[in-house]
Amino acid sequence: MTPAFSVCVYCGSRPGADPGFSETARQVGQWIGEHGGQLVYGGGRNGLMGVVADATLAAGGRVIGVIPKALVEKEWAHTGCTELHVVDTMHERKRIMAEYADAFLSLPGGIGTLEEFFEVWTWRQLGYHAKPVGLLNLNGYYDHLLAFLATSVSSGFMNDWQMDLIHVAVEPAALLEQLVQVAGMATEGLRLDQI
Ligand code: AMP
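Now for a look at the structure at hand. (Residues numbered from 1 in each chain as written. Predicted model: local features only at pLDDT ≥ 70, side-chain atom pairs only at ≥ 80, totals over all residues. Heavy atoms only, no water.)

Moving on, we come to the side chain of H78. Structurally, the position occupied by H78 is in the loop between α3 (69–73) and β4 (83–87). A relative accessible area of 10% places H78 in the buried class. Ignoring any residue separated from it by four or fewer positions in sequence, one finds H78 in contact with Y41, G43, G44, R45, A53, D54, L57 and L84. (Helix = DSSP H or I, 4+ residues; strand = E, 2+ residues; numbered from the N terminus. Buried < 20%, exposed > 50% of the residue type's maximum accessible area, 1.4 Å probe, protein only. Contact = heavy atoms within 4.5 Å.)

Next comes the structure, spelled out in structure tokens:
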């Protein structure tokens, strides 16, 4: 069955110090599955990544994992994915993940998550895609990042319209609903091949 929507989730390959991170990752996966959606993610089984994937599968959703073969060889791949795409390079992986997605959502995570969030936000501002980009500021995890971004705006390196391109929220279900709704309205074609 064709999924109702496809959300690319970026999140920690570690669980984080607070069990609340895993609980929220589980809620995100459950929401996607219960709403007939598809999860696109990095294909790992560790940390919050594995929690989101397992919860999506448990709730009846499809899961597409896209992982570079170097990480598979380290035995980090989640073999329970509906589809597991093993690719040659990290760049190929990120392009494929972005193509499968209707929307992007970043949960708490480390440098990999931050890099992915900034990449799809940058692609959005350049017009390479028109898909919504969400940031879940769970329990203030991203407060300091958002404060820094405000500094970047006030210092003249960013504009308000760039900030307006991201959807920031604290509650996962409300943010997912917003992203799926906005994704349904996006009409511009994909230009990821030009990146
Ligand atoms: P981090 O936030 O540094 O833990 O990195 C997590 C993000 O980077 C995820 O969204 C993945 O796409 C990617 N990533 C990092 N480590 C792995 C791994 N072991 N397996 C799969 N993807 C990973």
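With that settled, the discussion passes to the layout of surface pockets. The space that makes up the largest pocket amounts to roughly 630 Å³. Lining the largest pocket we find 31 residues, and of these C11, G12, S13, M49 and G112 sit closest to its centre. When residues of the lining of the largest pocket are traced back to their parent elements, those giving at least two are β1 (6–10), α2 (47–58), α4 (90–100) and α5 (111–126). Tallied by class, the residues present in the lining of the largest pocket amount to 16 nonpolar, 10 polar and five charged. (1 Å grid on protein atoms, 1.4 Å probe; cavity = no way out; pocket = protein on both sides within 12 Å on 5 of 7 lines; lining within 4 Å. Points joined across faces, edges and corners; volume = space filled by probe spheres on them. Nonpolar A, V, L, I, M, F, W, Y, C, P; charged D, E, K, R; others polar.)

What follows is about the site of the ligand. Neighbouring residues of the ligand: 16 residues in total, closest S13, R93, G110, T113 and E116. A distance of 2.7 Å separates an oxygen atom of the ligand from a polar backbone atom of G110. I111 is positioned such that a nitrogen or oxygen atom in its backbone is 3.4 Å from an oxygen atom of the ligand. Taken by itself the ligand offers 480 Å² of open surface, and the protein chains cover 87% of this. Its atoms largely coinciding with the cavity grid, the ligand occupies the largest pocket. By residue number, the principal contributor to the shell around the ligand is α5, which donates four residues. The residue inventory of the shell around the ligand, partitioned by class, reads six nonpolar, eight polar and two charged. (Near = heavy atom within 4 Å. Polar contact = N/O pair within 3.5 Å; in protein donor to acceptor, adjacent residues only side chain to side chain. Areas by Shrake-Rupley, 256 points an atom, 1.4 Å probe, with all protein chains shown as cover. Sits in = over half its atoms within 2 Å of the grid points.)

Right, let's talk about the packing of aromatic side chains for a bit. Applying the stated rule across the entire model yields seven aromatic pairs. For the ring pair F118 and W121, a centre distance of 5.9 Å and an interplane angle of 25° mean the geometry is stacked. Here F118 pairs with W121, and both are found in helix α5, just three residues apart, close to one helical turn. Aromatic rings pair up to connect F21, Y141 and Y142 into one cluster. (Phe/Tyr/Trp six-rings, centres within 6.5 Å; stacked < 30°, edge-to-face > 60°.)

What follows is about the pattern of salt bridges. In the structure shown here, the tally under the stated rule is six salt bridges. With its nearest N and O atoms 2.4 Å apart, the salt bridge here joins R62 to E83. Of this pair, R62 sits in strand β3 (residues 62–68) while E83 sits in strand β4; the two residues are 21 residues apart in sequence, bridging distant segments of the chain. E83 gets classed as partly exposed once you look at its relative accessible area, which sits at 26%. (Salt bridge = Lys/Arg side-chain N within 4 Å of Asp/Glu carboxyl O.)

Note that every value here comes from positions in space, so none of it alone points to a role or purpose.
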